[in-house]
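Structural overview for review
Below are the chains, spelled out letter by letter.
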Amino acid sequence: MTVQIGVDTGGTHTDIVLLDRAAGIFHTLKVPTTPADLSDGILSGISRILREAGRQDAAAANEIAFHYGTTLVTNIIVEEQDLRIGLLTSGGFRDVLAIGRAVRKPNIYDIHWRPLRPLVPRALRRGVPERIDHKGRIVEPLDEAAARTELRALRAEGVQAVAVCLLNAYANPVHEQRLAQIAAEEMPGVPVTLSSEVAREFREYERSSTTALNAFVLAPMIAHLNGLAGRLGAEGVHRTPFIMRGNGGIMNFDLAKTLPAAVTHSGPVAGIVGGNALARAAGVSDAITFDMGGTSSDVALISQNVPFSTTRGTLAGYPVLLPMLDLVTIGAGGGSIAWLDAGGGLKVGPRSAGSVPGPVCYGQGGENPTVTDANLLCGRLNGDYFLNGDRVLSRDLAAKAMKEKIADPLGLSVEEAALGVLAIAEAHMVNAIKLVSVQRGIDPRGHTLIGFGGAGPLHAVSLAEAMGMRRVLIPAAPGNVSASGLLAAEVRHDMVRTRVEPLQSADAAAVAGAFDTLVHEAATVLRGQDVPAADISVLRAIDLRYRGQAYELTLPLPASGIDSALLDGMAEKFHAEHERVYGYRLDHHAVETVNLRVTATSTPPALPWPEHALDASACLPVSGHRRVLYGAADGGADWPVYRFTDIVAGARVAGPAIVEYPGSTCVIPPGWNATWDAWRHAHVERAEG
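The structure reproduced in this document is the subject of the present report. As a convention, each chain's residues are numbered from 1 in the sequence order in which they are written. With pLDDT at 70 or above as the cut-off, local features in this predicted model cover only qualifying residues; side-chain atom pairs require 80 or more to be listed or tallied, and sums for whole chains, interfaces and linings still use all residues. Note that water and hydrogens are dropped before the side-chain values are worked out from all heavy atoms of the structure.

**Structural notes on the nonpolar core**
- Working definition of a nonpolar core: buried Ala, Val, Leu, Ile, Met, Phe, Trp, Tyr and Cys residues. They are joined through side-chain atoms within 4.5 Å. Here the term buried applies to any residue with accessible area under 20% of the maximum for its type, exposed to any over 50%, and partly exposed to those in between, with areas from a 1.4 Å probe on protein chains only. Among the nonpolar cores identified, the biggest contains 88 residues, and Leu449, Val472, Trp676 and Val684 are the most heavily contacted of them.
- In terms of residues, this core owes the most to one element, helix H13 (residues 414-436), which gives 11 residues.
- Here, two residues are considered to be in contact whenever any of their heavy atoms come within 4.5 Å of each other. The contact partners of Leu449, leaving out residues within four places of it in the chain, are Ile288, Phe290, Ile433, Ala460, Leu463, Ala464, Met469, Arg471, Val472 and Leu473.
- Counting residues in hydrophobic clusters, the runner-up holds 75 residues, among them Leu87, Ala215, Val237 and Met324. Comment: elements are numbered from the N terminus, with helices defined as DSSP H or I runs of at least four residues and strands as E runs of at least two.

**Examining the sheet that holds strand S28 (residues 591-601)**
- One open sheet holds the 4 strands; their spatial order is S25-S28-S26-S27, and the pairing between them is antiparallel. The open sheet has two edge strands, strand S25 (492-502) and strand S27 (553-557), and neither has a second partner. Across the sheet, the axes of successive neighbouring strands diverge by a mean angle of 25°, strand direction being ignored.
- Here 9 bridges tie S25 to S28, and the two strands are oriented antiparallel to one another. Counterpart to Asp494 in the pairing with S28 is Thr599.
- The angle between two axes is taken between their N-to-C directions and runs from 0 to 180 degrees, where each axis is a line fitted to C-alpha atoms and a helix contributes only its stretch in contact. Relative to S25, helix H16 (residues 508-527) is tilted by about 165°, and along the sheet it contacts S25, strand S26 (537-546), S27 and S28.
- Together, S26, S27 and S28 form the strand contacts of helix H17 (residues 564-582), whose direction differs from that of S27 by roughly 135°. Think of it this way: DSSP has to see at least two bridges between two strands before they count as a pair.

**Considering the packing of aromatic side chains**
- Pairing of aromatic rings covers Phe, Tyr and Trp, the last through its six-membered ring, and needs centres within 6.5 Å; plane angles under 30 degrees mean stacked, over 60 mean edge-to-face, and all others mean tilted. By the definition in use, this model includes 7 aromatic pairs.
- Plain terms: the ring middles of Tyr630 and Trp639 are 5.8 Å apart, the flat faces sit at 45° to each other, and that makes the pair tilted. Accessibility assignment for this pair places Tyr630 and Trp639 in one class, buried.
- Placement of a charge over a ring requires the Lys NZ or Arg CZ to be within 6 Å of the ring centre, with the centre-to-atom vector within 35 degrees of the ring normal. Positioned over the ring face of Phe515 is Arg540, at 5.7 Å from the centre of the ring.
- One cation-aromatic arrangement involves Arg643 over Tyr385; the distance from NZ or CZ to the ring centre is 3.6 Å.

**Section: the packing of helix H12 (residues 395-410) against H13**
- In the contact formed by H12 and H13, the axes pass within 9 Å of each other and the chain directions differ by 80°. On the basis of the axis angle, H12 is roughly perpendicular to H13. Between H12 and H13, the residues in contact are Arg395, Ala399, Met402, Lys403, Ile406 and Ala407 and Val414, Glu415, Ala417, Ala418 and Val421, respectively. Throughout, the term roughly parallel applies to angles under 35 degrees, roughly antiparallel to angles over 145, roughly perpendicular to angles from 65 to 115, and oblique to all others.

**Considerations on the sheet that holds strand S5 (residues 85-90)**
- One open sheet holds the 4 strands; their spatial order is S6-S5-S9-S10, and the pairing between them is parallel. The open sheet has two edge strands with one neighbour each: strand S6 (125-128) and strand S10 (192-194). Direction aside, neighbouring strands of the sheet carry axes that sit 20° apart on average.
- In this structure, S5 lies alongside S6, joined through 4 bridges in parallel fashion. Residue pairing for S6: Ser90 is matched across the bridge by Val128.
- In this fold helix H5 (residues 144-156) packs onto S5 and S6, with an angle of close to 170° to the strand it touches most, S6.
- Together, S5, strand S9 (161-165) and S10 form the strand contacts of helix H8 (residues 204-234), whose direction differs from that of S9 by roughly 165°.

**Regarding unusual backbone geometry**
- The omega torsion across Gly349 and Pro350 is 0°, close enough to zero to call that bond cis.
- In this model, Gly655 is joined to Pro656 through a cis peptide bond whose omega is 10°.
- Take Pro656: it is sitting in the loop between strand S31 (652-654) and strand S32 (657-660).
- Non-glycine residue Asp530 carries a positive phi angle of around 65°.
- In this structure, Asp530 sits in the loop between H16 and S26.

**Digging into helix H1 (residues 38-52)**
- With 15 residues, H1 extends 21 Å from end C-alpha to end C-alpha; this agrees with the ideal 21 Å at 1.5 Å per step.
- Along H1, the residues classified as buried are Leu38, Ser39, Gly41, Ile42, Leu43, Gly45, Ile46, Ile49 and Leu50.
- Summarising the contacts, the buried residues of H1 are in contact with strand S1 (3-9), strand S2 (13-20), strand S3 (25-32), strand S4 (64-70), helix H3 (72-78) and H8.
- Where H1 begins, one side-chain oxygen reaches toward the backbone nitrogen of Ser39, 3.0 Å away; that side chain belongs to Asp37. Expected span, for any helix, means 1.5 Å times one less than how many residues it has. The term polar contact refers here to a pair of N or O atoms within 3.5 Å; inside protein, the definition further demands a hydrogen-donor-capable atom paired with an acceptor-capable atom, and it admits residues adjacent in sequence only when both atoms are side-chain atoms.

What follows is the structure, given as structure tokens:
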């Protein structure tokens, strides 16, 4: 008898979902994000959604479970907040963060490229005499006196956190662990991040970067999560709160406060998880998720109901050596600003009006036209029913700004300028879809585009048309899919150990023993988050490469025991996978193991969306008609407008049509038909012929 609340804080709005399975309640809400203190918007939203759903009693009865998604970690890094952290490394390796891989990325021919500023300035990077070799053997003992001297120097500099990344600590963390003890004595109260606890695998630069990132966001995340948990408790939410992590699972706040780097892209990842849950319910195995909010758009690929993931991602350009779902983010959201460059060319984004002041039509002082203003001027948005009528949009203000800033300088009408803004924004979105599909050698035409976010359904069908895709899915609560995904996520934890050796001569018993250790450690983490042992599932995988290669491929291992026959068979599987990914194979080249990986998960929860009885004969009432501009040459036409609150499962609508959701709006152009399934998700398909 638990009420579940999922909250996703975006750059413009905070999305909230309340789910009471026993009572059959699924209630959604959008409230403005409060950048000064995210907790303000969260708490006011929770209070309001409990009141609207009639479940104020849940807090008094301690029945509320809280799941959270946030972009706070990403924002701290992207905004380059001035946080002073120290870094302890092995003597002679203090400049690893500055040297990096010593290559010009992403374009080796760009003579103007400059490397990212190291997260830790050189004065706060200190070396400590010690040495452990790659097999974990102590070559030079830790100089504890020197370590104390360096820590005292960092304390004098007023650092807020300390990162410790010693050479080969992935093989033997004993020196890092001792440094943590010394730091607790010399710098009490200052949080310490150990590389051996964050990313226990080789590659010195990536491991150093991940450890520094974790330390960089450690203090603000601890403060935010402690403050939020305290305020939740004061409002009656006493159960252990959970937060979405970048790997598509959730973890409790206590673990997140030690591993905040794992919360990377938390909010967008929740959208991918929600989109994948929607795909499974709809019988769709291959999909592309398109999540468009007020600030940005996030695109991800799902194959056979498994979202693409990576073990070597990036955050604002900095390497992150943690498993995370792979997504492309572009600065194209509802609040993306339209502007003219020095040559008079029309641009859209990446700068956003955010929630304050927001688009011009909000009437909060915004001066620059945005994508939302353009949608309003093209008739695709209802200014009187935005966010279920909570906000009234001013068409006059939007038209005035579009005329002065875009239309007049370009010699266009206001409507032509608005259509141009939408065309450019959608071109950016099409490119993002191509990045996750075409550039990976995958034909997107056989995939289903899942459009969500507050602004996603406005553009999803148009993007599908541009990509040659024939099917679009629009969720029952498109503006709250990320918040819904939080309630569809499993508790998850990943473990990794580097083990570089020839596959042919690998000791199967030793490999099996190493996996058993990882399985035990991962399961222990889940049990510490109140997951019953019977509900824990474990997946094993191994990273393999050709000897001499710098990159490896991850291959799954069966659940059965590991023996010599299994390892011998992995060589052929690697050859085949290498050919699939890179187009060639080297059958006579030696294959070697690189990393052993284990993922422990809880039992996935049931789908959050309630089911309804199908009624294919239902006749939907038209709430009105509105002149809509769709395409530069059509001159506008009257389209019927429907309200989602009137739609029943099994209903069907032929385009052109506008469907107004409480938190979003869906545009169904001519030549497309929509049918709502048992969960009231819209299946929008291209008409035959």
